[in-house]
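The primary structure of each chain is shown beneath.
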Amino acid sequence: MAHFDENAKPFSNQWLNDRLAIDTVKRVLSTEYWIPKNINFLWAMGMILAATFGLLVVSGIFLLMYYKPDVNLAFDSVNHTIMSEVGFGWLWRHIHGVAASVVFLIIYIHMLTGIYYSSYKRGRELIWISGMLLFVTFSAEAFSGYMLPWGQMSYWAGMVITNLFEGGSLHLTGLVEWIRGDYVPGDAYLTRFFMLHVFLLPLIIIGLIVFHFASLRLPHVNNQEGEEIDFEEAAKLYKEGKKKESKVIPFSPVFLSKDIFVMGVYFILFFFLVFYNFDFAMDPVNFDPADGLQTPPHIYPEWYFLWSYEILRPFPKNPGLIAFLIAQVIFFLLPFIDRSPNVAPAHKRGLFVIWFWVLVVDMIALTILGKLPPEGVFNTLGTVAAVIFLLMWPILFIITKLEKKL
Amino acid sequence: MREFKILAVVVFFTLVVYIGVEPFAHSQMHAHVEGHDFVYDGTADIEEANTRVENTKEALKKAQDELAKIQGIDDAPQEDIVKAQEAIKKQEGALVKAEETVKRKSLFWNNVASIAQLDANVSNGEASFGTCMACHNGAGINMGGVIPPSLDHVGSLYDRNYLIALLKDPAMASNVDHKYANTMMHPMGSVMAMVTSDQQIADIVEYMMQNKVGELEPKAAFEEACVRCHAVRYAKITQLGDTPEFKEEKDALAYKIKVLDEQALVKAYMGKLPPDLSMMIRARSPHYMETFVENPQTQLPGTSMPRVGLTKENYEKVKTYLEEVGDPSKPAREAIGPWVILFFVVFAVLAYLWKKSQWKDLH
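Criteria and thresholds
- Residues numbered from 1 in each chain as written.
- Chains lettered and ligands numbered in written order.
- Predicted model: local features only at pLDDT ≥ 70, side-chain atom pairs only at ≥ 80, totals over all residues.
- Heavy atoms only, no water.
- Helix = DSSP H or I, 4+ residues; strand = E, 2+ residues; numbered from the N terminus.
- Rg over C-alpha atoms; globule rule 2.2 N^0.38 Å.
- Contact = heavy atoms within 4.5 Å.
- Areas by Shrake-Rupley, 256 points an atom, 1.4 Å probe, with all protein chains shown as cover.
- Buried < 20%, exposed > 50% of the residue type's maximum accessible area, 1.4 Å probe, protein only.
- Lys, Arg positive; Asp, Glu negative; His and termini not counted.
- Charge placed at Lys NZ, Arg CZ, Asp CG, Glu CD.
- Core = buried A, V, L, I, M, F, W, Y, C linked by side-chain atoms within 4.5 Å.
- Domains from an automatic or database assignment.
- Buried area = accessible area lost by both parts, 1.4 Å probe.
- Salt bridge = Lys/Arg side-chain N within 4 Å of Asp/Glu carboxyl O.
- Polar contact = N/O pair within 3.5 Å; in protein donor to acceptor, adjacent residues only side chain to side chain.
- pLDDT = per-residue confidence, 0-100.
- Phe/Tyr/Trp six-rings, centres within 6.5 Å; stacked < 30°, edge-to-face > 60°.
- Lys NZ or Arg CZ within 6 Å of the ring centre and 35° of its normal.
- Axes fitted to C-alpha atoms, helices over the stretch in contact; angles between N-to-C directions.
- Parallel < 35°, antiparallel > 145°, perpendicular 65-115°, else oblique.
- Nonpolar A, V, L, I, M, F, W, Y, C, P; charged D, E, K, R; others polar.
- Expected span 1.5 Å × (residues − 1).
- Bend = angle between axes of the 7 residues up to and from the residue.

(A) Geometry of the overall build of chain A. Scanning chain A from terminus to terminus reveals 16 helices and 2 strands. Computed over its C-alpha atoms, the radius of gyration of chain A comes to 24 Å, within 12% of the 22 Å expected for a compact globule of 406 residues. For chain A, the spread of C-alpha atoms along the three principal axes comes to 70 × 60 × 45 Å. Restricting the contact set of chain A to residue pairs at least 6 apart, pairs at least 24 apart contribute 77%. Looking at chain A as shown, the accessible area adds up to about 18,500 Å², and 69% of this sits on carbon and sulfur atoms.

Right, here's the structure in full:
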């Protein structure tokens, strides 16, 4: 049995230390959790994501109090009850809708930052993989949430996406019906996606966030030059007061002060969108109630799924599905496809920098083409962009294999 | 400096994505429709008919090329040749019809323009207006598909030219003539038997423009112009108008049955029940709404929705009402928005000062 100070006042620092080791926890997780000093604002994206997720949870809780998961009531509970009868219901809904869209923008920036600075290599593989798991779970969370207002786009996007599980020529109609709980999206479908959206998936996301943070603690955060830092030595210098010479800063309060400033700027933009430009996150088509007898002229997913949708679309059915599957998993394999020995920013890695910008431009092209009607020149461009995306991965393997150690 | 460069790169790519998937993609998905600023002189209808002529000519040329191609092949099967010849005949017939429509429309709208020039006699108009009251009597009884709307403010709500056209030929005026082989089948078709001379039309319209006027609130303008076909469930409005409060459930149910009966009649007339308009203001862009109300055929070719002939001013009122119902948070949003943003500006400034103080010894 450990030693307990009998005289410690209940809930005093000593009393808590004996029971929870709060000083140690604080030291390990914040005041002596060392972060490299050589970073830029892109290193704040993780905290911005955490804050946006927090906003989604809080606004979601308020919406949950009035939302009704029933095909006859869902549309009106969102568009009438929440939007005009509940005090500030509109505000929570617009925050929730805008945050759901913006969170993906930040996820993509966060991912591309990781790729640019090679932050998925040499000890940081699990950070990358847990991040990708978060991306996939967020995608499922976004999709299930999109079903809930039960508008035209909810219904038809649900129809199209669940149809993918038919597996092309495998004709797994039984699987599709099992997922839907019905032949077509209906009440059983809506209630199960409601459960996924408000319970199971958020639970998994929270677990994954903890895992993502944990996977970061030992390898430490990367820095702008990909420099390998002796954290113990740097920490010693910092604690001795040689802050200028030390290459690190503590997570709290120094790193956090920068994060919070970036967050402040981000929230200005975020709330500008919430109050003045929320339409981009709330498709007009979804303000028409779901109607199984009337297909909208254009069916498209939200913008953050468009690039993978466009990898599915230009090919015939079966190859399209295979390409789509590859697009879903290929990023998981990034740390293993990249054979380079270097952890360095892309502009120091020769051909890799070209590869990186081609990837960015190609994914943006796929995103835009994914929303355009698949006709004429758009169709051709879409096919080219999709083929380029698929070729990017063997090319990455080759160019990183040839990369010389810096 | 480096931070700003990185920020510029991030902002640039974000904007490219935004412009690509929002304004650009939407401009490609929806055909652009020119509005006519709520002027009803037939320009739009004649343009439409001319476009149909052009399209038919193109189809005819295609059919002729097809025949030439088949005839170019040695021993082409006879049945293919016959098929191609039939296709040509079909397009030729369509072309004659399309050209006739252009003529018919031009003639009609020229006629409307000349009626508009006539010297009108208001007291004769008042006498003739009595005939209108046979149907537009406020009894709330469905006649041929809809309950005839109130004419109390008809002179302010609708365009003068449109009213002349409506009395001359209701199907042509509302641009749904494609639905009727004969305008007499239109719910208001009987007006053509009751008001027969151009002078009479000019008189009635002048009477309405002078006497059936009044400033309308947005809701009233909306109810007079739209509610005979459209319900607004978020405002408890049905095709029978505002839903009264009932103490007894029995009475509420009896009223509901009356509504369902009325909806069945409207549905039989329109082909399907016209959509509830509660959320329409958010489901369609402002440009779509405006051009659609002005001339439904431009946005939904073949639709059975008639052109209603609202003036621009009254269209704005209808829009205002739809906004009140479908987007009621707009005033609150505009009131709170600046304060929230100001809060985060102050927040960011304070956070910046804190960051500066934390980082001052580091470099």
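(B) Examining the overall build of chain B more closely. What chain B contains, in helices and strands, is 16 helices and 2 strands. In summary, chain B has a C-alpha radius of gyration of 28 Å against a globular reference of 21 Å for 363 residues, an excess of more than 25%. With the principal axes as the frame, chain B shows a C-alpha extent of 95 × 80 × 50 Å. Across the 363 residues of chain B, 43% fall into the buried class. Long-range pairs, those at least 24 residues apart, make up 70% of the contacts in chain B with a sequence separation of at least 6. Of the roughly 19,800 Å² of accessible surface on chain B, 59% is carried by carbon and sulfur atoms. Placing the 39 positive and 50 negative side-chain charges of chain B at their respective mean positions leaves the two points 7 Å apart.

(C) Molecular detail of the nonpolar core. Among the nonpolar cores identified, the biggest contains 189 residues, and Phe270, Phe331, Phe389 and Trp393 of chain A are the most heavily contacted of them. When sequence neighbours within four positions are dropped, the list of residues in contact with phenylalanine 389 of chain A reads Trp307, Ile311, Ala327, Ile330, Phe331, Leu359, Asp362, Met363 and Leu366 of chain A. Listed in part, the 13 residues of the second largest apolar core include Leu60, Ile70, Ile81 and Leu95 of chain B.

(D) Main features of the domain arrangement of chain A. Residue and element names in this part refer to chain A. Considered domain by domain, chain A is made up of domain 1 (32–112 + 122–299) and domain 2 (305–406). Averaged C-alpha coordinates put domain 1 and domain 2 at centres separated by 23 Å. Summed over both partners, the interface of domain 1 with domain 2 comes to about 2,000 Å²; 69% of that surface belongs to carbon and sulfur atoms. Across the domain 1-domain 2 interface, the total number found is 1 salt bridge. Here lysine 348 and glutamate 225 are joined by a salt bridge, their closest N and O atoms 2.5 Å apart. Along the contact surface separating domain 1 from domain 2 lie 6 residue pairs in polar contact (both at pLDDT 80 or more).

(E) Spatial organisation of the confidence of the model for chain B. On average, residues of chain B score 92 in pLDDT, and 100% of them are at 70 or above. Under the prediction, the complex receives an ipTM of 0.92, its pTM being 0.91.

(F) Representation of the packing of aromatic side chains within the structure. Scanning the model with the defined rule gives 59 aromatic pairs over all chains in all. Seen from their ring centres, tyrosine 33 of chain A and phenylalanine 251 of chain A are 5.7 Å apart, and the 20° between their planes marks the pair as stacked. Residue tyrosine 33 of chain A is found in the loop between α2 (22–31) and β1 (34–36), and its partner phenylalanine 251 of chain A is found in helix α11 (residues 251–276); the two are separated by 218 residues along the sequence. Of the two residues, tyrosine 33 of chain A and phenylalanine 251 of chain A, both sit in the buried class. For the pair tyrosine 266 of chain A and phenylalanine 267 of chain A, a centre-to-centre distance of 5.4 Å together with 50° between the ring planes defines the contact as tilted. Taken as a pair, tyrosine 266 of chain A and phenylalanine 267 of chain A share a single burial class, namely buried. Ring pairing ties together the aromatic residues Phe88, Trp90, Tyr266, Phe267, Phe270, Phe271, Phe272, Phe275 and Tyr276 of chain A together with Phe343, Phe344 and Phe347 of chain B, which thus form one cluster. Taking the ring centre of tryptophan 359 of chain B as reference, the NZ or CZ of lysine 258 of chain A above it sits at 5.3 Å. A cation over an aromatic ring shows up here: lysine 355 of chain B above the ring of tryptophan 359 of chain B, its NZ or CZ 4.7 Å from the ring centre.

(G) Region of interest: the interface of chain A and chain B. Across the boundary between the two partners, chain A contributes 63 residues, which contact 50 residues of chain B. The tally of links between chain A and chain B comes to 5 salt bridges. Our enumeration of links across chain A and chain B arrives at 15 residue pairs in polar contact (both at pLDDT 80 or more). Those elements that provide at least two residues to the side of chain A that touches chain B are α4 (74–85), α5 (89–116), α11 and α15 (351–371) of chain A.

(H) Examining the pattern of salt bridges more closely. Taken as a whole and judged by the stated rule, the model has 28 salt bridges over all chains. Where aspartate 76 of chain A meets arginine 233 of chain B, a salt bridge forms, and the shortest distance between an N and an O atom there is 2.7 Å. Taken together, the residues span two chains, with aspartate 76 of chain A in helix α4 and arginine 233 of chain B in the loop between α10 (218–226) and β1 (237–238). With relative accessibility at 22%, the residue aspartate 76 of chain A sits in the partly exposed group. For arginine 233 of chain B, a relative accessible area of 34% gives the class partly exposed.

(I) Representation of the packing of helix α6 (residues 125–147) of chain A against helix α7 (residues 152–163) of chain A within the structure. Residues and elements named next belong to chain A. Across the interface, α6 lies against α7 with an axial gap of 8 Å and an inter-helix angle of 135°. As far as their axial angle goes, α7 and α6 are oblique. For the pair α6 and α7, the contacting residues are Phe143, Tyr146 and Met147 in the first and Met153, Ser154, Ala157, Gly158 and Ile161 in the second. A per-class count over the contact of α6 with α7 returns 6 nonpolar, 2 polar and no charged.

(J) Layout of helix α1 (residues 2–29) of chain B. Taking 1.5 Å per residue, 28 residues should reach 40 Å; α1 of chain B reaches 39 Å between its end C-alpha atoms and fits that length. Maximum bend of α1 of chain B: about 35°, positioned at isoleucine 19 of chain B, with proline proline 23 of chain B one to four residues after it. Within α1 of chain B, burial applies to Ile6, Val10, Val17, Gly20, Val21, Glu22, Ala25, His26 and Met29 of chain B. On its buried face, α1 of chain B sits against α5, α12 (306–312) and α15 of chain A.

(K) Quick peek at the domain arrangement of chain B. Split into domains, chain B comes out as domain 1 (223–328) and domain 2 (336–363). Averaged C-alpha coordinates put domain 1 of chain B and domain 2 of chain B at centres separated by 49 Å.

(L) Main features of the side chain of serine 304 of chain B. Residues and elements named next belong to chain B. With respect to the helices and strands, the residue serine 304 is situated in the loop between α14 (296–299) and α15 (312–326). Under the relative-accessibility criterion, serine 304 is labelled buried at 17%. A polar atom in the side chain of serine 304 sits 2.8 Å from the backbone oxygen of methionine 270.

(M) Seen up close, α7 of chain A. Residue and element names in this part refer to chain A. Counted at 1.5 Å a residue, the expected span for α7 with its 12 residues is 16 Å, and the 16 Å between its end C-alpha atoms agrees. With 9 of 12 residues buried, α7 is to be regarded as a mostly interior element. Among the residues of α7, those classed as buried are Gln152, Met153, Ser154, Tyr155, Trp156, Ala157, Gly158, Met159 and Thr162. Structurally, α7 contributes buried residues whose contacts are with α6, α8 (173–180) and α9 (187–217).

(N) Structural context of the side chain of glutamate 262 of chain B. Residue and element names in this part refer to chain B. Topologically, glutamate 262 is positioned in helix α11 (residues 249–270). No salt bridge is formed by the buried glutamate 262, whose closest oppositely charged neighbour, arginine 228, lies at an N-O distance of 9.3 Å. A distance of 2.9 Å separates the side chain of glutamate 262 from the side chain of asparagine 142, its partner in a polar contact. Residues within four places of glutamate 262 in sequence aside, it is in contact with Asn142, Gly145, Val146, Ile147, Gln239 and Leu240.

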